[in-house]
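Spelled out, the chains give:
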Amino acid sequence: MTDTQLLLLPGLGADARLFAPQRRAFPDLLTPAWPPLRGRESLAEYSVRCAEEWCLGSRRVIDTGRPFYLGGVSFGGQVAIEMGRHLDGLGTPPAGVFVLSGCRSREAVTELFRLQQSLGSVVPNALAAVTIAGPIATMFVSLDGLDGEAAEVVRAMAKDVDVPLLKRFADAAAKWDLNAAEARSLPFPVHQIHGEKDRIIPMRKGDPDRVLAGGGHLINLTRADDVNAFLAEKMAAVETVG
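Structural notes, computed from the coordinates.

Parameters and conventions
- Residues numbered from 1 in each chain as written.
- Predicted model: local features only at pLDDT ≥ 70, side-chain atom pairs only at ≥ 80, totals over all residues.
- Heavy atoms only, no water.
- Buried < 20%, exposed > 50% of the residue type's maximum accessible area, 1.4 Å probe, protein only.
- Helix = DSSP H or I, 4+ residues; strand = E, 2+ residues; numbered from the N terminus.
- Pairing = 2+ DSSP bridges.
- Right-handed = clockwise from strand over helix to strand, strands pointing away.
- Phe/Tyr/Trp six-rings, centres within 6.5 Å; stacked < 30°, edge-to-face > 60°.
- Core = buried A, V, L, I, M, F, W, Y, C linked by side-chain atoms within 4.5 Å.
- Contact = heavy atoms within 4.5 Å.

**Overview of the pairing of strand β2 (residues 68-73)**
When you tally the buried positions in β2, you get 6 out of 6 residues, the bulk of the element. Side chains Phe-68, Leu-70 and Gly-72 project from β2 onto one buried face, and the interleaved Tyr-69, Gly-71 and Val-73 project onto a second face that is buried too. Pairing of strand β1 (residues 5-9) with β2, which is carried by 5 bridges, proceeds in the parallel orientation. Along β2, the bridge assignment pairs Leu-8 with Gly-71. Bridge count between β2 and strand β3 (residues 96-100): 5 bridges; the pairing is parallel. Of the residues in β3, the one forming a bridge with Val-73 is Leu-100. Read as a crossover between parallel neighbours, the route from β2 over helix α3 (residues 75-89) to β3 is right-handed.

Quick look at the structure:
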């Protein structure tokens, strides 16, 4: 029985259902629900609250006295990095952070994504539910070639999406201010796995530790065995050292 804890966070418009393939491989996987936003929090400010609640507060799910990993898909990976920075400052750093189909710094956030968020921020929520949430599911199903259970999960998450929260998260992701130099000097390892054909967050040369040939954005669903093996490999290295 492994003593290493793993907490994974979903991307924009998704929830814990995104990690069904990972939960089958890691039964003790932690996938807490997002805390409500307060005011106009930046991504870093929001991540600090996530770290405080999940790792330090009375409702914590992580035991910082044992090895633990943070990680996430896309936006979830950004939050995980910022959580790790905060926890390191308190003397309780993660063993590492997993970035699945995500980015390590603001340089990887494309200008197209920033433009889309600035336009999306002025769309009324009722209209956004039709013009944003639905098309998101269709786009992912099409781009990643999802079918069967995976396609149904994506469609179900889009149907249940909290549109105001989605818009706020997208805005925070677009305005992330961690630069590449800061990312390279993080005091904990960042392990990134990326799909070669990810069109949502295009792969930046030199960033991923592992590239999955032909993989799209939702590789944790379409290439679950490869992603799970990557997670297990990195966590096993910590257990061996310990």
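So much for the structure itself; the text now carries on.
**Quick notes on the pairing of β3**
Of all the 5 residues making up β3, 5 are buried; the element is thus mostly covered by neighbouring parts of the structure. Every second residue of β3 is oriented toward a common face, with Gly-96, Phe-98 and Leu-100 on one face and Val-97 and Val-99 on the other, all of them buried. Of the pairings in the sheet, the one linking β3 to strand β4 (residues 190-195) comprises 4 bridges and is parallel in character. Bridged to Val-97 within β4 is Val-190.

**Topic: the packing of aromatic side chains**
Two descriptors summarise a pair of aromatic rings, namely the distance from one centre to the other and the angle between the planes of the rings. If you walk through the whole model with that rule in mind, you get 8 aromatic pairs. Taking 5.4 Å as the distance between ring centres and 55° as the angle between the ring planes, the aromatic pair formed by Tyr-46 and Phe-169 counts as tilted. Highlighted residues: Tyr-46 in helix α2 (residues 43-56) and Phe-169 in helix α7 (residues 163-174), separated in sequence by 123 residues. With relative accessibility at 3%, the residue Tyr-46 sits in the buried group. Classification of Phe-169 as buried rests on a relative accessible area of 5%.

**Considering the nonpolar core**
Trp-34, Trp-54, Leu-70 and Met-83 are the most contacted members of the largest nonpolar core, which has 35 residues in total. Look past the residues within four positions of Trp-54 in its chain and what remains in contact with it is Leu-7, Leu-9, Pro-32, Ala-33, Trp-34, Pro-35, Arg-60, Val-61, Ile-62 and Met-83. If you look at the next biggest cluster of nonpolar residues, it comprises 30 residues, including Leu-6, Leu-8, Ala-150 and Ala-151.

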